[in-house]
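Fold and geometry: a report
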Amino acid sequence: MGKTLFDKVWDSHVVTTIKEGPQVLYIDKHLIHEVTSPQAFNELKERGLSLLRPNQILATADHNTPTKEQHLPIKDELSRKQLEALTKNCADNNIELYGLGHKYNGIIHVIAPELGVTQPGMTIVCGDSHTSTHGAFGSIAFGIGTSQVAQVFATQSVVMEKPKSMRITIDGKLNKGVLSKDVVLYILAEISTNGGTGHFIEFAGEVFENMSMESRMTVCNMSIEMGARGGMIAPDETTFDYVRGRKFAPKETVIEQKVAFWKTLATDKTAVFDTEYTFKASDIAPMITFGTNPGMGMKITASIPKNTNESYKKSLKYMGFKQGDSLENVQVNYVFIGSCTNARIEDFRAAAAFIKGKKKADNVTALIVPGSQLVAKQIREEGLQAVFEDAGFELRQPGCSACLAMNDDKIPDGEYCVSTSNRNFEGRQGQGARTLLASPLVAASVAVAGKIVDISNLV
Amino acid sequence: MEKFKTIHSRGIPLPVENIDTDQIIPARFLKATGREGFGENLFKDWRFNRDGTVNDEFVLNKDAFQGSILVAGSNFGCGSSREHAAWALGDYGFKVVVSSFFADIFKGNALNNGLLPVQVSASFLQALLKGISEDPTMSISVNLEQELITVSGLNLSEKFEINPYKKLCLLSGYDDMDYLVSILDAVKEYEEKESR
């Protein structure tokens, strides 16, 4: 029996297997941010341990950071202290930190790929569930808890049971107005928010093969919302072209050797998966969520499905919707385009192409938050800044922003927000805030219309 | 880590599915740099109304329900990887969470903090939720050694699964860090072999 992409990367990173137990997996890259690392540094001190491989760690500040006036001291005392702790911990332990104001600062899952830190065949962890993003490169990447952050600091390893394998195949050509975000929201609506639990997913088929790296990252980013540990896509020429020439990519003299190896990682034809799903590209339309988990999504033109489950009813009550409702024409006052799911240049190009020459509706506050300083630079250089500003959108500085209500960017109580982020949980964007997840194109169309509209009629 | 002992306690029913870690501990309370004190903000936005008053409807605020065993709906702990969720539950006083399904990262975080996730069948969960809602004084026993959860008042018991390594860790108060540090030489050998 052949091996899957996941098997190949996993098996080559096993340090040892515990009898009747989990395996010890070696970690190539460890990404850290300010929220889930301080307790891990404390634990090392308490146990009298030191870091094994500080040069395999990359740190950034993203969750707490303001997206306005980043040159000024942070007003929130707790946020400021958490960032100060990160700075001190990184300095004390010789860890590369791209902190607030640094030219490479940004959301960890945006900067590691764009700097070439993320490469095919690697194992990558971070104390952040959206680490699954990096699987887009054919690496095994997953979120870990803070105890494990400490373990990776001290031993560059984690103890883990090998997950089961799942393949989701989608062939065919995507419909007009359908972006990768719609593809992943569609999969979520089909397999639900725990459909992938216990598994590592490989996304395969023409739809993913034809995607750019940015689009692939959006899909893998949200594999955690299916309950999976992570998602992966086999590395191909699109991947190699993306990696070549980036700051931390293998140097010219060795990269072709690496590429030759990366090409061997694809799943063997004879490999067997524990679970398989197949969908058709032609069935996928622009999507939106109506509930309080990312699996509660539907085509924009559909009506909210009926269900007698109590948790489902509780969720609709929170959202202020009823079973059978259509969401078309629902007034929306907040639009957020950003987050580790959709804050890469391609996302802003898609939004800007739609917005160009139009104005946002008067009732809408529309935030555009780049994923990194480098993306912000591209937005300026490509003339997108002028497009957004002329249309009345607010272009902010990079960070996690309104995805998780940990910084100043929050959605008010009871308000709807069409958001390109990844989670529509109760209160995720602020206490009482009601999140509707969608693609950057749908978000742009809502900002212009001031209400939910069917994008496929507009592109 | 403290050694895990057999628990006899009343249970607190929370029959909501897909309870995510943002509900267990909202992101705005993740700004601390220590591990203590998160219990105060456990289920914050369910325990308190928007004006800061106590939400009398929420189960943790009802005097009738007490105990160190939380009994929750399916897919408990989905969402963010924040270990703060496990810390908050432990700090509040929970030793065990019973559900028919746990999200992977939460499960690992709980085990790393001596909080035992007990996965039971959907029918056992429904019977238990119903039983403790009707009689909150009903006692539940969780015996890790025997991998057995028993509710004598309902004449119910069920075996639950746990990895033998993790079981040994909990029973002996040993954790993954202790183990990994003990095999550091093997990690270095691996690095050498892979010429990293």
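Residues numbered from 1 in each chain as written. Chains lettered and ligands numbered in written order. Predicted model: local features only at pLDDT ≥ 70, side-chain atom pairs only at ≥ 80, totals over all residues. Heavy atoms only, no water.

Thoughts on the overall build of chain A
Operational definition: In DSSP terms, a helix is any run of H or I states spanning at least four residues, a strand is any run of E spanning at least two, and both are numbered starting from the N terminus. Between the two quantities, the radius of gyration covers C-alpha atoms and the globule rule is 2.2 Å times the number of residues to the power 0.38. Burial status follows relative accessibility: with a 1.4 Å probe on protein chains alone, a residue under 20% of its type maximum counts as buried, one over 50% as exposed, and anything between as partly exposed. By definition, residues are in contact when any of their heavy atoms lie within 4.5 Å. Where accessible areas are quoted, they stem from the Shrake-Rupley method and a 1.4 Å probe; at the residue level, only the protein chains shown are allowed to cover.
Regarding its fold elements, chain A presents 15 helices and 19 strands. Whereas a compact globule of 459 residues would reach a radius of gyration of roughly 23 Å, chain A reaches 21 Å, a difference of no more than 12%. Projected onto its principal axes, the C-alpha coordinates of chain A cover approximately 55 × 55 × 50 Å. Burial statistics for chain A: of 459 residues in total, 65% are counted as buried. Taking contacts inside chain A between residues at least 6 apart in sequence as the whole, the part at least 24 apart equals 75%. Entry remark: accessible area of chain A is about 15900 Å², with carbon and sulfur atoms responsible for 48%.

Quick word on helix H5 (residues 122-134) of chain B
Going by this rule: An expected span of 1.5 Å times one less than the residue number is assigned to each helix.
Here H5 of chain B is 13 residues long and its end C-alpha atoms lie 18 Å apart, about the 18 Å a rise of 1.5 Å per residue gives. On the buried face of H5 of chain B, the contacting elements are strand S1 (7-14), strand S2 (69-72), strand S3 (96-99), strand S5 (139-143), strand S6 (148-151) and strand S7 (156-159) of chain B.

Brief notes about the sheet that holds strand S10 (residues 199-204) of chain A
Residues and elements named next belong to chain A. The test is simple: The criterion for strand pairing is that DSSP finds at least two bridges linking the strands in question. The angle between two axes is taken between their N-to-C directions and runs from 0 to 180 degrees, where each axis is a line fitted to C-alpha atoms and a helix contributes only its stretch in contact.
Pairing within the open sheet is parallel, and its four strands lie in the order S11-S10-S9-S12. Of all the strands in the sheet, just strand S11 (230-232) and strand S12 (275-280) have a single pairing partner and so form its edges. Here the strands of the sheet are splayed against their neighbours by 20° on average, with no regard to which way each runs. Sheet topology places strand S9 (residues 164-171) next to S12; six bridges connect them, and they run parallel.

Points about the nonpolar core
The tendency in soluble globular proteins is for nonpolar side chains to be buried side by side. Stated formally: Side-chain atoms within 4.5 Å link the members of a nonpolar core, which is a set of buried Ala, Val, Leu, Ile, Met, Phe, Trp, Tyr and Cys residues. The source of the domain bounds is an automatic or database domain assignment.
Among the nonpolar cores identified, the biggest contains 85 residues, and Phe321, Leu327 and Phe388 of chain A together with Leu14, Phe43, Phe76 and Leu89 of chain B are the most heavily contacted of them. Taken domain by domain, the makeup of this core includes at least three residues from each of domain 1 (11-160) and domain 3 (288-457) of chain A. With residues up to four places along the chain from it excluded, the contact list for Phe388 of chain A reads Phe348, Ala351, Ala352, Ile355, Ile368, Ile379 and Phe393 of chain A. The next biggest cluster of nonpolar side chains, apart from the first, holds 74 residues, and it includes Leu25, Ala136 and Ala228 of chain A together with Met177 of chain B.

Points about the pairing of strand S18 (residues 416-419) of chain A
All names here are of chain A. Alternating positions in S18 separate into two faces, Tyr416 and Val418 on one and Cys417 and Ser419 on the other, with burial throughout. Pairing between strand S15 (residues 334-337) and S18: three bridges, direction parallel. Paired with Val335 across the two strands is Val418, which belongs to S18. Direction of pairing for S18 relative to strand S19 (residues 434-437): parallel, over a ladder of four bridges. Bridged to Cys417 within S19 is Thr435.

Points about helix H3 (residues 84-92) of chain B
Here H3 of chain B has its buried residues at His84, Ala85, Ala86, Trp87, Ala88 and Leu89 of chain B. Contact partners of the buried residues in H3 of chain B: helix H2 (38-47) and helix H5 (146-155) of chain A together with helix H1 (21-24), S2, S3 and helix H4 (104-111) of chain B. Residue Gly93 of chain B follows H3 of chain B closely and has a positive phi angle near 120°.

A few points about the domain arrangement of chain A
Residues and elements named next belong to chain A. Going by this rule: Should a side-chain nitrogen of Lys or Arg be within 4 Å of a carboxyl oxygen of Asp or Glu, the pair is scored as a salt bridge. Here the nonpolar group is Ala, Val, Leu, Ile, Met, Phe, Trp, Tyr, Cys and Pro; Asp, Glu, Lys and Arg are the charged ones; every other residue, Gly included, is treated as polar.
Looking at chain A, the domain boundaries give domain 1 (11-160), domain 2 (164-283) and domain 3 (288-457). Averaged C-alpha coordinates put domain 2 and domain 3 at centres separated by 24 Å. Note that Arg423 and Glu225 form a salt bridge whose closest N and O atoms lie 3.0 Å from each other. Residue assignment for the side of domain 2 that touches domain 3 shows that the elements contributing at least two residues are helix H6 (180-191) and helix H8 (213-221). Partitioning the side of domain 2 that touches domain 3 into residue classes produces seven nonpolar, six polar and six charged.

Looking at the interface of chain B and chain A
Keep this limit in mind: Take the accessible area each of two parts loses on contact, using a 1.4 Å probe, and add the two losses: that sum is the buried area.
Chain B puts 54 residues into the contact, and the matching count from chain A is 69 residues. In total, about 4900 Å² of surface goes out of reach between chain B and chain A, with carbon and sulfur atoms giving 55% of it. Inspection of the chain B/chain A interface yields seven salt bridges. Lys31 of chain B is the partner of Asp76 of chain A in a salt bridge, and the nearest nitrogen-oxygen pair spans 3.1 Å. Breaking the side of chain B that touches chain A down by element, the ones donating at least two residues are H1, helix H2 (44-47), H3, H4, helix H6 (164-172), helix H7 (176-182) and helix H8 (184-193) of chain B.

Observations concerning the pairing of strand S7 (residues 140-143) of chain A
Residues and elements named next belong to chain A. Neither face of S7 is open: one carries Ile140 and Phe142, the other Ala141 and Gly143, and all of them are buried. Note that strand S6 (residues 123-126) and S7 share four bridges and pair parallel. Paired with Val125 across the two strands is Phe142, which belongs to S7.

Here we look at the sheet that holds S19 of chain A
Paired through their backbone hydrogen bonds, the strands of a sheet run either parallel or antiparallel. Residues and elements named next belong to chain A. As summarised here, the arrangement of the five strands in space is S17-S16-S15-S18-S19, forming an open sheet in which the pairing is parallel. Both outer strands of the open sheet, strand S17 (394-395) and S19, are each paired with one neighbouring strand and no more. Here strand S16 (residues 365-368) pairs with S17 via two bridges, running parallel. Its bridge partner being in S17, Ile368 is matched across the sheet by Leu395. Where helix H15 (residues 440-449) meets the sheet, it contacts S15, S16 and S18, and its direction lies at approximately 150° from that of S15.

Examining the environment of Gly145 of chain A
Positionally, Gly145 of chain A belongs in the loop between S7 and H5. For the pair Gly145 of chain A and Glu394 of chain A, spaced 249 residues apart in the sequence, the C-alpha separation amounts to 34 Å.

Some points on the environment of Val187 of chain B
Mapped onto the elements of the fold, Val187 of chain B is located in helix H8. A relative accessible area of 0% places Val187 of chain B in the buried class. Setting aside anything within four residues of it in sequence, one finds Val187 of chain B in contact with Val15, Tyr26, Leu52, Thr155 and Ser157 of chain A.

Quick notes on unusual backbone geometry
Residue and element names in this part refer to chain B. Of note, the phi angle at Asn75 is positive, near 65°, even though the residue is not glycine. With a phi angle near 55°, Glu147 is a residue other than glycine that sits in the positive phi range. Inspection of the secondary structure assignment puts Glu147 in the loop between S5 and S6. With a relative accessible area of 18%, Glu147 lands in the buried category.

A short note on a negative patch on the surface
We apply this condition: For patch detection, residues must exceed 30% relative accessible area and be free of salt bridges, and they are connected within 9 Å for like charges or within 5 Å for nonpolar side chains (Val, Leu, Ile, Met, Phe, Trp, Tyr). Two residue types count as positive, namely Lys and Arg, and two as negative, namely Asp and Glu; His and chain ends fall outside the count. For this purpose, a charge sits on NZ of Lys, CZ of Arg, CG of Asp or CD of Glu.
Together, Glu46 of chain A together with Glu36, Glu40 and Asp91 of chain B make up a negatively charged patch on the protein surface. Structurally, Glu36 of chain B is set in the loop between H1 and H2. Classification of Glu36 of chain B as exposed rests on a relative accessible area of 64%.

Observations concerning empty space enclosed by the protein
Gaps between atoms show up when a probe of the same size as a water molecule is rolled over them. Residues and elements named next belong to chain A. Selection rule: Site definitions follow a grid-based scheme: protein atoms alone, a 1 Å grid, a 1.4 Å probe that fits but cannot get out for cavities, and for pockets an open set with protein on both sides within 12 Å along at least five of seven lines, plus lining residues having an atom within 4 Å of a point. Grid points are joined across faces, edges and corners, and a volume is the space filled by probe spheres set on the points.
Scanning the model with the defined rule gives three cavities of 30 Å³ or more in all. When its volume is computed, the largest cavity comes out at roughly 230 Å³. In this structure, the largest cavity is lined by 25 residues; those nearest its centre are His63, Asp128, His130, Leu404 and Arg428. Tallied by class, residues from the lining of the largest cavity come to eight nonpolar, twelve polar and five charged. Residue-level mapping places the lining of the largest cavity at the junction of two domains, with at least three residues from each of domain 1 (11-160) and domain 3 (288-457). If you add up the space inside the second largest cavity, you get close to 110 Å³.

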